[in-house]
Amino acid sequence: MEQKHPLPPFTLESALQKIQSAEDAWNSQDPVKISKAYTIDSEWRNRDKFVNGRDEIVEFLADKWTKELHYKLKKEYWAHTENRIAVRFEYEYMDLDGNWFRAYGNENWEFDENGLMARRYASINDLAINEEDRKFK
């Protein structure tokens, strides 16, 4: 059986590990690698997009990083329960026209017994920034 450690139930320490693993994976910008952290039938809401399953996750992320260049993400622990974790995050990117943005948001994650994320709900807002105001370089 496929597993992604740490497994639920989460402690503060294991929730922090899970968050750092997610941050590292997303900063790799490797859609296939990232998709392996999710169940085969994982459900996402990302802004106004609904994504279902690993194949759609790979497609969504590959498309995302053709438009969001120089992507850099930071996640922060917010709360957790036995099999759920809430994070706040911010990331920066440059669009295809050379404009910089910082995206702010919250994610709610739910994991199965094997430590794979079954549900991911993300609320995200973008703020235009000047290149010199970037936090993540």
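Here, the structure is the one placed above.
What comes next concerns the included structure. Computed from a predicted model, the values in this text were never measured in an experiment.

With that out of the way, let us pick up the pairing of strand β5 (residues 100–111). Each regular strand carries side chains that alternate between the two faces of the sheet. Buried residues dominate β5, accounting for nine of its 12 residues. For strand β4 (residues 84–94) and β5, the ladder comprises 11 bridges, and the chain directions are antiparallel. In the strand pairing of β5, E92 is matched with R102. In this structure, β5 lies alongside strand β6 (residues 117–129), joined through 12 bridges in antiparallel fashion. Within β6, the position partnered with E110 by the bridge is R119. Between β5 and β6, which pair antiparallel in sequence order, lie five residues; one of them, G115, sits at a positive phi of approximately 80 degrees.

It is worth spelling out the sheet that holds β6 at this point. Pairing in this open sheet of six strands is mixed, and the strands run β2-β1-β6-β5-β4-β3 from one edge to the other. Pairing within the sheet leaves two strands with one partner each, and these edge strands are β2 (49–52) and β3 (69–80). Between one strand and the next, the sheet's axes are offset by a mean angle of 20 degrees, whatever the strand orientation. Both strand β1 (residues 38–46) and β6 contribute to a ladder of five bridges, which runs parallel. Note on β6: the bridge partner recorded for W44 is R120. Where helix α1 (residues 12–28) meets the sheet, it contacts β1, β3, β4, β5 and β6, and its direction lies at approximately 165 degrees from that of β3. Seen against the sheet, helix α3 (residues 53–67) touches β1, β2, β3 and β4 and runs at an angle of roughly 45 degrees to β1.

Attention now moves to empty space enclosed by the protein. In this structure the tally under the stated criterion is one cavity of 30 Å³ or more. The space that makes up the largest cavity amounts to roughly 70 Å³. Surrounding the largest cavity, W26, N46, F60, K64, Y71, L73, K75, F89, Y91, E107, R120 and I124 form its lining. Those elements that place two or more of their residues in the lining of the largest cavity are α3, β3, β4 and β6. The biggest single contributor to the lining of the largest cavity is β3, with three residues.

The rules behind these values
- Residues numbered from 1 in each chain as written.
- Predicted model: local features only at pLDDT ≥ 70, side-chain atom pairs only at ≥ 80, totals over all residues.
- Heavy atoms only, no water.
- Buried < 20%, exposed > 50% of the residue type's maximum accessible area, 1.4 Å probe, protein only.
- Helix = DSSP H or I, 4+ residues; strand = E, 2+ residues; numbered from the N terminus.
- Pairing = 2+ DSSP bridges.
- Axes fitted to C-alpha atoms, helices over the stretch in contact; angles between N-to-C directions.
- Contact = heavy atoms within 4.5 Å.
- 1 Å grid on protein atoms, 1.4 Å probe; cavity = no way out; pocket = protein on both sides within 12 Å on 5 of 7 lines; lining within 4 Å.
- Points joined across faces, edges and corners; volume = space filled by probe spheres on them.

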